[in-house]
Amino acid sequence: MITIISSTNREGSATLKLAQYYKKRLAEKGQDARVFSLEELPATLIATDLYGKRSEAFKPIQEMITATQKFIFIIPEYNGSFPGILKTFIDACAWPDSFYEKKAALVGVSSGKYGNIRGVDHFTGVCNYMHLHVLPLKLHIPSISKEFDADGNLFNADTIKYTEEQIEKFVKY
C-alpha cells in the first residue's frame, strides 16, 4: 500500500489536488494507493498525541501509517521550508514503527518559482534521521496553481513528464 500524504492542513489546497492526481495515476498503473490529508488530523493533536500519548482519534491514523510501506509526501512551501503541521504529524507518529526502513518519494510545490527546493531538502534531512529511504528523484513544482486543468489533471508537458518518471521509478523502488 502506498500512502500519499498531502502535507498541509490548509483547506482546498493545491497540495491535496496534486495528491489526488498522484493517486489517480498510480491506480491507472495498477497500484493500490490512498491519500491522507493532514486536514484529517484531530484538532487536539498537539494536546493529545505528542510525547507518548495516544488519543482514540489518532489510533486509526497510526494504524494506517504503520501498515504503509511506501509514502509519497506532497510538500508545500511554508516560509522557506515545509509546514509545521507535517513535523508535528511526524512527531506524533509512533517510533520506529511508522517510518523506519520504509520508502518515500518527495514532491515540493509552491506558488512561487522554486517549487519548495529548501523545504524538500529540509524534509530529506528529517527522513534520513528516521531511516526513511528517499527516492533520489525529488520533484519541485513551481507556480502550482497554474498546473491544473478544470478536471484536476496536470497539463504542462514537462510536469507530466517528470511526475510520470517519478511515479514509474517509485513503483519499482
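Student: Which residues make up the overall build of the protein chain, and what values do they have?
Tutor: The helix and strand tally for the protein chain stands at six helices and six strands. Each helix and strand of the protein chain, placed in order from N terminus to C terminus, yields the pattern β-α-β-α-α-β-α-β-α-β-β-α. A globule of 173 residues ought to have a C-alpha radius of gyration of about 16 Å, and the protein chain, at 15 Å, matches this closely. Overall, the C-alpha framework of the protein chain stretches about 45 × 35 × 30 Å when taken along its three principal axes. Expressed as a percentage of the 173 residues in the protein chain, the buried residues total 49%. Sequence separation of 24 or more characterises 77% of the internal contacts of the protein chain that already satisfy a separation of 6 or more. Taking the average place of the 21 positive charges on the side chains of the protein chain and the average place of its 20 negative ones, the gap between the two points comes to 3 Å.

Student: Give me helix α5 (residues 117-129): which residues, what numbers.
Tutor: Between the first and last C-alpha of α5 there are 19 Å, a value that for 13 residues agrees with the 18 Å anticipated at 1.5 Å per step. Every buried residue belonging to α5 is among Gly119, Val120, Phe123, Thr124, Val126 and Cys127, and all of these are buried. Angularly, the buried residues of α5 cover 160° about the axis, an arc narrow enough to put them on a single face. Exposed positions of α5 whose direction lies more than 90 degrees from the buried face are Arg118, Asp121 and Tyr129. On its buried side, α5 packs onto β3 (70-76), α4 (84-92), β4 (103-109), β5 (133-134) and β6 (139-141). With its phi angle positive at about 60°, histidine 131 sits one or two positions after the end of α5.

Student: Can you tell me about the state of the cysteines, naming the residues and giving the values?
Tutor: Overall, the coordinates contain zero disulfides when judged by the stated rule. Looking at cysteine 93, it has no disulfide partner, and the nearest cysteine sulfur is the one in cysteine 127, 12 Å off. Look at cysteine 93 and you get buried, because its relative accessible area is 8%. Of the residues examined, cysteine 127 reaches a relative accessible area of 0% and is grouped as buried.

Student: Lay out the pairing of β4 in plain terms, naming residues and giving numbers.
Tutor: Each regular strand displays side chains that alternate between the two surfaces of the sheet. A large share of β4 lies buried, amounting to six of its seven residues. Of the strand pairs in this sheet, β3 and β4 are connected by seven bridges, and their pairing is parallel. Along β4, the bridge assignment pairs lysine 70 with lysine 103. Following the chain from β3 across α4 to the adjacent parallel β4, one finds a crossover that is right-handed. The β-α-β motif built from β4, the intervening α5 and the parallel element β5 has right-handed crossover chirality. Two elements, β4 and β6, share three bridges in a ladder whose sense is parallel. Its bridge partner lying in β6, valine 107 is registered against leucine 139.

What counts and what doesn't
Each residue is numbered by its place in its chain's sequence as written, counting from 1. Residues qualify for local features only when their pLDDT is at least 70, as the model is predicted, and side-chain atom pairs are given and counted only at 80 or more; totals for whole chains, interfaces and linings, by contrast, use all residues. Only hydrogens and water are set aside; all other atoms, that is, all heavy atoms of the structure, feed into the side-chain values. Under the scheme used here, helices are H or I runs from DSSP no shorter than 4 residues and strands are E runs no shorter than 2 residues, and both carry numbers assigned from the N terminus. Values of the radius of gyration come from C-alpha atoms, whereas the globule rule sets the reference at 2.2 Å times the count of residues to the power 0.38. Per-residue accessibility, obtained with a 1.4 Å probe over protein chains only, is compared with the maximum for each type, and a residue is labelled buried under 20%, exposed over 50%, and partly exposed between these values. Note on definitions: a residue-residue contact is assigned when non-hydrogen atoms from the two residues lie within 4.5 Å. Counting rule for charge: Lys and Arg are taken as positive, Asp and Glu as negative, and neither His nor the chain ends is counted. Charge positions are represented by NZ for Lys, CZ for Arg, CG for Asp and CD for Glu. Expected span, for any helix, means 1.5 Å times one less than how many residues it has. Each direction from the helix axis to a C-beta atom contributes to the arc, which is the arc of those directions. Defined by distance alone, a disulfide is two cysteine sulfur atoms within 2.5 Å. Strand pairing is assigned whenever DSSP detects at least two bridges linking the two strands. Throughout, right-handed denotes a crossover for which the path from the first strand over the helix to the second runs clockwise when the strands point away from the viewer.

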